[in-house]
Amino acid sequence: MTDRAAYVQMEGICKTFGVVKANDQVDFSVRKGEIHALLGENGSGKSTLMNMLSGIYMPDSGSINIGGKPCHFHSPKDAIRHGIGMVHQHFKLVDILTAKENITAGMPGSFFIKNKGMTEAIGNIAKKYGLQVQADRKIYNMSVGEKQTVEILKVLYRGADILILDEPTAVLTPQETDALFNILRNMRRENCAIIIITHKLNEVMEISDRVTVLRKGQSIGTVNTSETNAKALTEMMVGRPMSLEIQRPAVTGGADSEPLLDVRDLTIENQEKIKVIQNVSFQVRRGEILGVAGIAGSGQKELCEGIVGLQKVSGKVIFKGEDLAGCKPGNIISKGISMSFIPEDRLGMGLVGGLDIVDNVLLKSYRKTKGLFVDRKQGVSMAESIVRRFDISTPGVHHQVSKLSGGNIQKVLLGREVSLNPSVIITAYPTRGLDIGASYNIYDVLNEEKKKGVGILYIGEDLDVLLELCDRIMVIHQGELMDILPASETTKEQLGLLMLGHRGEGADHV
Ligand code: ADP
Ligand code: MG
């Protein structure tokens, strides 16, 4: 299907990695002056397709045309020569250099261009597209949003008029996302062709002119954004109709009930004696989900580890009336606090990769029963019920955990924590990387636990999910508690401002 107005035309693209067909006969086109969203679940082949357009991979078969001419890219340099620039999920900047040095690095002849000339050229591009960058600032001093702006400037400085952004908003606050979208609109006005990879439907609806949906390596179709909606796009993405509503059952404990977990003046220092958590106080009540929002690295990890005794803390961690600060992790966990921190926990403290699912389940209940009895039969039935409840793809409960996919390991971890019937569940990023169906399954499980009276501390990154799922949301910024807000009366923008360290005016409803 040839798009006559297309500037970039990819047709019949195939790419296989081992046994995985990452792209299977994909057609994709972009016009000048268009923002085109590439939408699909994790692993659907979006990055692979764009990595071929930016010269990182070569397709096994299929063709790429730009401006009507066939192109064969053998390296990113080839693609850059054709005006293609890609801003990757993980930035490729040199930390110890300044923005300007990063932007001009590796440019032919740049060594001979006078410093002043470069600064002027960067300034002109920045002005044209509305980018705000301090050219002489070192990258390590910059926020994620600023680093991304440098990446975009770098690509534009190389003369790109086709810009690919891979999940650019995943790491941004709502305010930074708005700023990025304004830049993209300016680029559209300047007749650039823009491709934005995302799995967020609200962003597709907000920013794009057209959207192409990938599912399991295949293109499901391209539609005009104005002629579709979130429901239809979800169905294209998932392959079946799905409700994207997250339930929020009423808090069972009631606002005036005794808190299950009462954290007071928690302070944690890192090895350099820097306070990574500072005087943080909050309570988790029975049957509520307390969300934690913050820019990545704001102290989320230390907070979780501090509560379960994996970090030295000062302050109090009162659980059911008993101060657990300073206790050993095994002791704290056996009292009924469970913790799963997804990014590093998959095969870290949580699970032993070399063991099967049953043994991993037993590993923890064994400790709980002080090692008197290890009932393997019970372990098998627990493991089987976890596999069922969390829809884990595994040949069986005796399959080695390290041989499962990342998402399935994650589900084993959370499944085991939940199956031990803790009173408090601390869970960080449990749906990271999971597909939509699996993520909603996790929200359901957390809600079921909440209804039983479990208190849940949910560290999340998707603000839309936090606002729907949680009862209250606390925001941390550089280890400090900014505020605790009732989710139903809070907006994403309010959360974003707090995440950036701006205290809200009149934000006094803790
Ligand atoms: P998306 O960007 O939509 O999340 P990707 O394009 O990254 O998806 O991946 C599509 C599929 O190809 C996945 O199953 C992924 O594991 C696989 N894949 C991607 N890159 C590689 C690679 N370099 N080696 C092996 N498999 C890969
Ligand atoms: Mg990707």
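Residues numbered from 1 in each chain as written. Chains lettered and ligands numbered in written order. Predicted model: local features only at pLDDT ≥ 70, side-chain atom pairs only at ≥ 80, totals over all residues. Heavy atoms only, no water.

Undergrad: Would you explain the site of ligand 1 in this entry?
TA: Taken together, Phe17, Val20, Ala22, Glu41, Asn42, Gly43, Ser44, Gly45, Lys46, Ser47, Thr48 and Tyr57 make up all the residues around ligand 1. Ser47 is positioned such that a nitrogen or oxygen atom in its side chain is 2.9 Å from an oxygen atom of ligand 1. When ligand 1 is considered free in solution it has 560 Å² of accessible area, and contact with the protein chains removes 62% of it. Elements with a minimum of two residues in the shell around ligand 1: strand 2 (20-30) and helix 1 (46-53). Looking at which element gives the most residues to the shell around ligand 1, the answer is helix 1, with three residues. Its residues placed into classes, the shell around ligand 1 shows four nonpolar, six polar and two charged. (Near = heavy atom within 4 Å. Polar contact = N/O pair within 3.5 Å; in protein donor to acceptor, adjacent residues only side chain to side chain. Areas by Shrake-Rupley, 256 points an atom, 1.4 Å probe, with all protein chains shown as cover. Helix = DSSP H or I, 4+ residues; strand = E, 2+ residues; numbered from the N terminus. Nonpolar A, V, L, I, M, F, W, Y, C, P; charged D, E, K, R; others polar.)

Undergrad: When you look at the confidence of the model for the protein in this model, what are you seeing that I'm missing?
TA: Interpreting fine coordinate detail is not advised for predicted regions of low pLDDT. In the predicted model, the protein carries a mean pLDDT of 89, and 93% of its residues have values of at least 70. Counted against residues more than four places away or in other chains, residues 506-510, with its pLDDT under 50, gives seven contacts. (pLDDT = per-residue confidence, 0-100. Contact = heavy atoms within 4.5 Å.)

Undergrad: I would appreciate a short explanation of helix 17 (residues 492-499) in the present structure.
TA: Helical periodicity: at 3.6 residues per turn, an α-helix aligns residues three or four positions apart in one direction. Buried within helix 17 are the following residues: Leu495, Gly496, Leu498 and Met499. Looking down the long axis of helix 17, one finds its buried residues gathered within 165 degrees of arc, a one-sided arrangement. Contacts from the buried residues of helix 17 go to helix 6 (174-189), strand 13 (289-293), helix 16 (463-469), strand 19 (472-477) and strand 20 (480-486). Note on helix 17: the residue one or two positions beyond its end, Gly501, has a positive phi of about 95 degrees. (Buried < 20%, exposed > 50% of the residue type's maximum accessible area, 1.4 Å probe, protein only. Arc of directions from axis to C-beta.)

Undergrad: Would you mind going over the packing of aromatic side chains with me for this structure?
TA: Geometry of an aromatic ring pair is reported as the spacing of the ring centres plus the angle between the planes. In this structure the tally under the stated criterion is two aromatic pairs. The interplanar angle of 70 degrees and the centroid separation of 5.3 Å between the aromatic rings of Phe17 and Tyr57 together place this pair among those described as edge-to-face. In this pair, Phe17 is assigned in strand 1 (residues 8-17) and Tyr57 in the loop between helix 1 and strand 4 (61-66), connecting sequence segments 40 residues apart. With relative accessibility at 31%, the residue Tyr57 sits in the partly exposed group. Between Tyr440 and Tyr443, the aromatic rings sit 5.3 Å apart at their centres with planes inclined by 75 degrees, giving edge-to-face as the arrangement. With Tyr440 and Tyr443 both in helix 15 (residues 436-451) and three residues apart, the pair spans about one turn of that helix. Seen from the ring of Tyr7, Lys32 lies directly overhead, with NZ or CZ sitting 4.4 Å from the centre. Above the plane of the ring of Tyr429 lies Arg432, whose end atom (NZ or CZ) is 4.5 Å from the centre. (Phe/Tyr/Trp six-rings, centres within 6.5 Å; stacked < 30°, edge-to-face > 60°. Lys NZ or Arg CZ within 6 Å of the ring centre and 35° of its normal.)

Undergrad: Would you explain the nonpolar core in this entry?
TA: One broad rule of soluble globular proteins: the nonpolar side chains tend to lie buried together. Leu184, Phe282, Ile426 and Tyr458 are the most contacted members of the largest nonpolar core, which has 126 residues in total. Ranked by the residues each element gives to this core, the list is headed by helix 15, at seven residues. (Core = buried A, V, L, I, M, F, W, Y, C linked by side-chain atoms within 4.5 Å.)

Undergrad: How should I be thinking about the sheet that holds strand 4 in this particular structure?
TA: To summarise the sheet geometry, strands pair through backbone hydrogen bonds and adopt either a parallel or an antiparallel arrangement. Strand order across the open sheet formed by four strands is 2-1-4-5, with antiparallel pairing between neighbours. Only two strands of the sheet have a single neighbouring strand rather than two, namely strand 2 and strand 5 (69-71). Ignoring which end each strand starts from, the neighbouring axes of this sheet average 30 degrees apart. Examined bridge by bridge, strand 1 and strand 4 share five bridges and lie antiparallel to one another. (Pairing = 2+ DSSP bridges. Axes fitted to C-alpha atoms, helices over the stretch in contact; angles between N-to-C directions.)

Undergrad: I tried to follow unusual backbone geometry on my own but got confused; where do I start?
TA: Negative phi characterises most residues that are not glycine, and trans characterises most peptide bonds. At Asn191, a residue that is not glycine, the phi angle is positive and equals roughly 70 degrees. In this structure Asn191 comes out as partly exposed when scored by relative accessible area, which is 41%. A positive phi is found at Asp391, a non-glycine position, where the angle reads about 50 degrees. In this structure, Asp391 sits in the loop between helix 13 (376-389) and helix 14 (406-419). When its relative accessible area of 55% is taken as the criterion, Asp391 is described as exposed.

Undergrad: Please clarify how the state of the cysteines should be interpreted in this entry.
TA: What the rule picks out here adds up to zero disulfides. In this model Cys71 remains outside any disulfide bridge; the closest cysteine sulfur is found in Cys192, 17 Å from its own. Cys470 provides the cysteine sulfur closest to Cys304, a residue in no disulfide bond, and the two sulfurs are 13 Å apart. (Disulfide = S-S within 2.5 Å.)

Undergrad: What am I meant to see in the pairing of strand 10 (residues 218-224) here?
TA: Put simply, side chains in a regular strand alternate between the two faces of the sheet. Note that strand 9 (residues 210-215) and strand 10 share six bridges and pair antiparallel. Opposite Arg215, over in strand 10, you have Gln218 as the bridge partner. Hairpin remark: strand 9 followed by strand 10, antiparallel, with two residues in the connecting loop; positive phi at Lys216, about 50 degrees.

Undergrad: How do you make sense of the pairing of strand 3 (residues 34-39) when you look at a structure like this?
TA: With six of its six residues buried, strand 3 lies for the most part within the structure. Note: strand 3 against strand 8 (residues 193-198), six bridges, orientation parallel. Following the sheet pairing, Glu34 is matched in strand 8 by Ala193. In terms of strand pairing, strand 3 meets strand 9 through four bridges, oriented parallel. Directly across from His36, in strand 9, lies its bridge partner Arg210.

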